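# Tertiary structure, described
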Amino acid sequence: MELLKSEHLPPPQMEESELHEVLHHTLANVDGKAYRTMVGQIFSQRISPAIDYAYDSDILKGSFSVRSAKIQQHVCETVSRIFKRHGAIKLQTPLLMPRNKKLYEHNEASYLMDHSGMLVMLPYDLRIPFARFVARNNITNLKRYCIERVYRPRKLDRCHPRELLECAFDIITPAGNNFLPIAETIYTISEIIQEFPVLQERNYSILLNHTALLKAILLHCGIPEDKLNQVYIILYDAVTEKLTKREVEAKFCNISLSPNSLNRLYRFIEQKGELQDLTPMLNTLLKQKTGISSLVKLGIKELEETMGLLKKLGIKFQVCKGITMSKWPGDRGDTL
């Protein structure tokens with residue numbers, strides 16, 4: 001018996017199809033003994049000293065300096081002081097969530113497995129965990145801030161996920177038609193920029209957009225309503241510089257958008273400026289069928305209300321309205 005249990009014996013041979021079938025049945029019953037045995041074996045693996053050393057060596061080695069740590073501490077303290085001045089409290093949410101690919105359809109989150117075999121994910125951003133926290137606790141009125149780590153997976157196996165420091169400032173209000181929280185959030189950003197000379201030198205401008213205007217433009221350009229979510233993801237990837245202009249065009253071709261419609265879309269979404277500068281474009285949309293013109297009127301009304309509040313708050317930055325992708329990869333400019 002001891003000989004049969006020896007790890008020096010070669011494992012029993014099994015056809016690949018049989019192995020897949022066994023794994024399929026085992027994973028189908030998470031409460032079964034076979035599943036618990038498999039997970040137990042996974043967690044009983046021994047980690048070699050080489051893997052232990054290499055796992056986070058590039059994160060820990062050579063990247064630390066006291067000066068950088070002090071600068072980061074100063075920035076966090078300054079930003080936190082501004083948030084507190086607005087009545088926000090520091091609130092952290094649970095670190096892990098069950099894996100849900102629908103939450104980050106166009107982004108890759110970092111996944112882990114707990115001791116029971118359940119798949120969980122590290123936070124990709126601070127927004128989704130907070131939204132989950134708000135819904136669970138029936139919160140209707142809150143200002144919170146959080147400065148915490150978020151994670152990105154890496155292509156290499158057996159290595160620590162990439163860490164980024166992210167800052168969040170959220171205002172929860174029961175009134176859905178109140179634009180003061182939006183204006184206050186923008187004003188808070190301007191206060192943060194004013195605190196740091198290196199940011200002031202960049203001469204930031206703030207670009208206001210509206211989902212109703214974007215939806216009206218997409219419908220006007222012939223994009224079916226059932227494909228709007230796909231287009232939003234493509235435009236998001238363009239704004240965040242994950243796609244080049246050519247890659248964006250290829251993706252639009254995949255959803256059967258004609259070259260003429262694509263050119264018309266570019267003319268619209270690359271517009272920005274004061275309201276009077278956008279009047280010809282908006283008039284074109286206002287002449288369309290009722291659904292599109294209603295969206296445009298709603299977008300203009302709510303943008304103007306927000307602009308009015310920003311003027312009353314005395315914001316010092318240039319504020320533009322527009323439906324723009326901000327910049328293509330390789331373009332220059334600082335726009336919030």
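Residues numbered from 1 in each chain as written. Predicted model: local features only at pLDDT ≥ 70, side-chain atom pairs only at ≥ 80, totals over all residues. Heavy atoms only, no water.

## Some remarks on a negative patch on the surface
Judged by side-chain charge, E15, E16, E18 and E21 come together as a negatively charged surface patch. With respect to the helices and strands, the residue E21 is situated in helix 2 (residues 16–28). Relative accessible area serves as the criterion here: at 49%, E21 is assigned to the partly exposed category. (Patch = residues over 30% accessible without salt bridge, like charges linked within 9 Å, V, L, I, M, F, W, Y side chains within 5 Å. Areas by Shrake-Rupley, 256 points an atom, 1.4 Å probe, with all protein chains shown as cover. Salt bridge = Lys/Arg side-chain N within 4 Å of Asp/Glu carboxyl O. Lys, Arg positive; Asp, Glu negative; His and termini not counted. Charge placed at Lys NZ, Arg CZ, Asp CG, Glu CD. Helix = DSSP H or I, 4+ residues; strand = E, 2+ residues; numbered from the N terminus. Buried < 20%, exposed > 50% of the residue type's maximum accessible area, 1.4 Å probe, protein only.)

## A few points about the layout of surface pockets
Put simply, the second largest pocket is a space of about 740 Å³. Around the second largest pocket, the lining is made up of 22 residues, and of these Y55, Y111, L112, R158 and C159 lie nearest the centre. Take the lining of the second largest pocket: its biggest share by element is three residues, from strand 3 (residues 111–113). Residues belonging to the lining of the second largest pocket are distributed by class as follows: twelve nonpolar, four polar and six charged. (1 Å grid on protein atoms, 1.4 Å probe; cavity = no way out; pocket = protein on both sides within 12 Å on 5 of 7 lines; lining within 4 Å. Points joined across faces, edges and corners; volume = space filled by probe spheres on them. Nonpolar A, V, L, I, M, F, W, Y, C, P; charged D, E, K, R; others polar.)

## Observations concerning the packing of aromatic side chains
Throughout the structure, instances matching the rule amount to two aromatic pairs. On the numbers, 5.5 Å between centres and 35° between planes, the contact of F83 with Y145 is tilted. Taken together, the positions of F83 in helix 6 (residues 66–85) and Y145 in strand 5 (residues 142–152) put the pair 62 residues apart, joining distant regions of the chain. Grouping residues by exposure puts F83 and Y145 together as buried. On the basis of an interplanar angle of 5° and a centroid distance of 4.9 Å, the ring pair of F83 and F169 is categorised as stacked. Here the residue F83 occupies a position in helix 6, and F169 occupies one in strand 6 (residues 162–172), the gap between them amounting to 86 residues. Classification of F83 by relative accessible area gives buried; the value is 3%. Given a relative accessible area of 14%, F169 falls into the buried group. Pairwise contacts between aromatic rings join F83, Y145 and F169 into one cluster. Cation over ring: R99 sits above Y111, and NZ or CZ is 5.5 Å from the ring centre. (Phe/Tyr/Trp six-rings, centres within 6.5 Å; stacked < 30°, edge-to-face > 60°. Lys NZ or Arg CZ within 6 Å of the ring centre and 35° of its normal.)

## Concerning the pattern of salt bridges
A full pass over the atoms with the stated rule returns eight salt bridges. Here D125 and R127 are joined by a salt bridge, their closest N and O atoms 3.6 Å apart. On the basis of relative accessibility, which here comes to 53%, the residue R127 falls in the exposed class. Among the ionic pairs, E163 bridges to R149, the shortest N-O distance being 3.3 Å. With E163 in strand 6 and R149 in strand 5, the pair connects residues that are 14 residues apart, well separated along the chain. What makes R149 partly exposed here is its relative accessible area of 41%.

## Brief notes about the sheet that holds strand 6
The sheet built from three strands is open, its strands ordered 1-5-6 with mixed pairing. The strands lining the two open edges of the sheet, one partner per strand, are strand 1 (89–90) and strand 6. For strand 1 and strand 5, the ladder comprises two bridges, and the chain directions are parallel. Of the residues in strand 5, the one forming a bridge with I89 is R144. The strands that helix 8 (residues 180–195) touches are strand 5 and strand 6; relative to strand 6, the one it contacts most, it runs at about 135°. (Pairing = 2+ DSSP bridges. Contact = heavy atoms within 4.5 Å. Axes fitted to C-alpha atoms, helices over the stretch in contact; angles between N-to-C directions.)

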